[in-house]
Amino acid sequence: MVKARSVLEEKIKELKKKRNAVILVHNYQLPEVQDVADFRGDSLELSRIAAKTEAKLIVFCGVYFMAETASILSPEKTVIMPDKHAGCPMANMLTADDLRKLKSEHPKAVVVGYVNTSAEVKAELDYCCTSTNAVAVVNALKDREEIIFVPDKYLADFVAKKTGRQLITWNAFCPTHIKILPEDVKREKKFHPFAKVIVHPECLPPVVAMADAVLSTSQMAKFARETEAKEMIVGTEVGLIYRLKKDNPGKEFYPASERAVCPNMKRTTQEKILWSLEELKEEVKVPDDIRKRAKKAIDRMLEII
Ligand code: CIZ
Ligand code: SF4
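Residues numbered from 1 in each chain as written. Chains lettered and ligands numbered in written order. Predicted model: local features only at pLDDT ≥ 70, side-chain atom pairs only at ≥ 80, totals over all residues. Heavy atoms only, no water.

Engineer: Can you walk me through the overall build of the protein in this structure?
Structural biologist: Tallying secondary structure elements over the protein gives 15 helices and 11 strands in all. Overall, the C-alpha framework of the protein stretches about 60 × 55 × 30 Å when taken along its three principal axes. Within the protein, buried positions represent 55% of all 305 residues. A separation of at least 24 residues holds for 63% of the contacts in the protein among residues at least 6 apart in sequence. With the model as given, the accessible surface of the protein reaches about 14100 Å², and the carbon-plus-sulfur share is 52%. Counting 50 positive and 44 negative side-chain charges, the protein places the averaged centre of each group 2 Å from the other. (Helix = DSSP H or I, 4+ residues; strand = E, 2+ residues; numbered from the N terminus. Buried < 20%, exposed > 50% of the residue type's maximum accessible area, 1.4 Å probe, protein only. Contact = heavy atoms within 4.5 Å. Areas by Shrake-Rupley, 256 points an atom, 1.4 Å probe, with all protein chains shown as cover. Lys, Arg positive; Asp, Glu negative; His and termini not counted. Charge placed at Lys NZ, Arg CZ, Asp CG, Glu CD.)

And the structure:
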């Protein structure tokens, strides 16, 4: 088994070099995928790396909206996904038509949208945001009376509490993060009384209320490196634990719930990465008119943070 794995890894390495490709891997990907990464990170970190790299071919291991975001920032590069069917159910809960309707009901509102949206939805936004900078983006809109914040109702709840702003929201959520329950955190705290509790803002509000820190995955990676705490209970998709353990060998990380597995994030495997490099498939490309409008919302976010 170990041997078969290393043969595959060697083949991926060889072909990657021949194709002048980089492999970008989201923090929630399987350990075998993280092991062949050139870079690991959250969606925005990876998209910014895609824009900067000399490589002409980007193998994006994550979900569809993330590859689209990379393509929006690097239209001159080829972005491929080892499994194009890896979607994000939260992103799919809001269509561009839904958002246009919501906007027409609140014509004066400024529109902020989480990065977990399709390119078509991003094209309808004034500002994009991520879980790292959502609070900063909303705080920067102090002179605006009405703010639409879509699609995640739990991230919106967290941002509303942090900023003291009332937000016009949408009824979407992450089916993976809501599997983490308050009783899970309570149980893990009992087992590990000295552990710090870090949770993602896509979690249910009562789970968020129990956390020592509410953080995106890139912020969790930083927190884990910098904290004096030796143990952490981690309330997010379980894939991140592999990275945290690898990067911090002297520390212990416990998933708040083993149920928090995103099936779409687990669709990518080493075999599929190799096939994608062999066949240069499946390409993700955003049509130019949508791309330009979506990029404006991302650029406006980058001006704030
Ligand atoms: O933006 C990302 O990568 C997501 C969806 C999660 C996170 O907090 O990093
Ligand atoms: Fe979407 Fe949730 Fe999976 Fe992230 S963990 S890709 S928000 S379904």
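Engineer: What is the right way to read the sheet that holds strand β5 (residues 110–114) from this model?
Structural biologist: Note: strands within a sheet are paired through backbone hydrogen bonds, in either parallel or antiparallel orientation. Reading across from one edge, β6-β5-β7 is the order of the three strands in this open sheet, with parallel pairing throughout. What marks the edges here is a single partner per strand, and that holds for β6 (127–129) and β7 (147–150). When the angles between neighbouring strand axes are averaged without regard to direction, this sheet yields 25°. By the bridge criterion, three bridges tie β5 to β6 in an arrangement that is parallel. The residue bridging glycine 113 from the neighbouring strand is cysteine 128, located in β6. Of the strands in this sheet, β5 and β7 touch helix α6 (residues 96–105), which is tilted by about 160° from β7. (Pairing = 2+ DSSP bridges. Axes fitted to C-alpha atoms, helices over the stretch in contact; angles between N-to-C directions.)

Engineer: Mind showing me how you'd approach the domain arrangement of the protein here?
Structural biologist: Looking at the assigned domains, one finds that the protein contains domain 1 (2–87 + 265–286), domain 2 (90–173 + 289–304) and domain 3 (177–261). Placing a centre on the C-alpha atoms of domain 1 and another on those of domain 2 gives a separation of 27 Å. With 12 residues of domain 1 in contact, the opposing surface of domain 2 contributes 16 residues. Summing both sides of the interface, domain 1 and domain 2 together bury roughly 1100 Å²; the carbon and sulfur share of this comes to 73%. By the criterion of area lost to domain 2, the three top residues of domain 1 are Leu44, Phe65 and Ile72, representing 46% of everything that side buries. The tally of links between domain 1 and domain 2 comes to zero salt bridges. Across the domain 1-domain 2 interface, the total number found is two residue pairs in polar contact (both at pLDDT 80 or more). For the side of domain 1 that touches domain 2, the secondary structure elements donating two or more residues are α3 (43–52) and α4 (64–73). Here the side of domain 1 that touches domain 2 takes six residues from α4, the largest share from any one element. (Domains from an automatic or database assignment. Buried area = accessible area lost by both parts, 1.4 Å probe. Salt bridge = Lys/Arg side-chain N within 4 Å of Asp/Glu carboxyl O. Polar contact = N/O pair within 3.5 Å; in protein donor to acceptor, adjacent residues only side chain to side chain.)

Engineer: Looking at this structure, I do not really get the side chain of threonine 163. What am I missing?
Structural biologist: Locating threonine 163 in the fold gives a position in helix α9 (residues 153–163). With relative accessibility at 16%, the residue threonine 163 sits in the buried group. Within the local environment of threonine 163, its side chain forms a polar contact with the backbone oxygen of valine 159, the two atoms lying 2.7 Å apart. Excluding residues that lie within four positions of it along the chain, threonine 163 makes contacts with Val135, Val138 and Asn139.

Engineer: Just to check I follow, could you spell out the site of ligand 1 for this structure?
Structural biologist: All residues in the neighbourhood of ligand 1 are listed as His26, Tyr28, Asp42, Ser43, Met66, Tyr114, Val115, Asn116, Ser131, His200, Ser216 and Thr217. Serine 131 places a side-chain nitrogen or oxygen 2.9 Å from an oxygen atom of ligand 1. Between an oxygen atom of ligand 1 and a side-chain N or O atom of threonine 217, the distance comes to 2.4 Å. Against a free-state accessible area of 270 Å², the protein chains account for coverage of 98% of ligand 1. Classifying every residue of the shell around ligand 1 by side-chain character gives four nonpolar, seven polar and one charged. (Near = heavy atom within 4 Å. Nonpolar A, V, L, I, M, F, W, Y, C, P; charged D, E, K, R; others polar.)

Engineer: Sorry, what's going on with unusual backbone geometry here?
Structural biologist: Of all residues except glycine, most have a negative phi; of all peptide bonds, most are trans. That bond from valine 150 to proline 151 is cis: its omega, -5°, falls within 30 degrees of zero. Following lysine 281, the chain continues to glutamate 282 via a peptide bond in cis, the omega torsion being -10°. Relative to the helices and strands, glutamate 282 resides in the loop between α14 (270–279) and α15 (288–304). Notably, leucine 280 is not glycine yet its phi reads approximately 55°, a positive angle. Along the chain, leucine 280 falls in the loop between α14 and α15.

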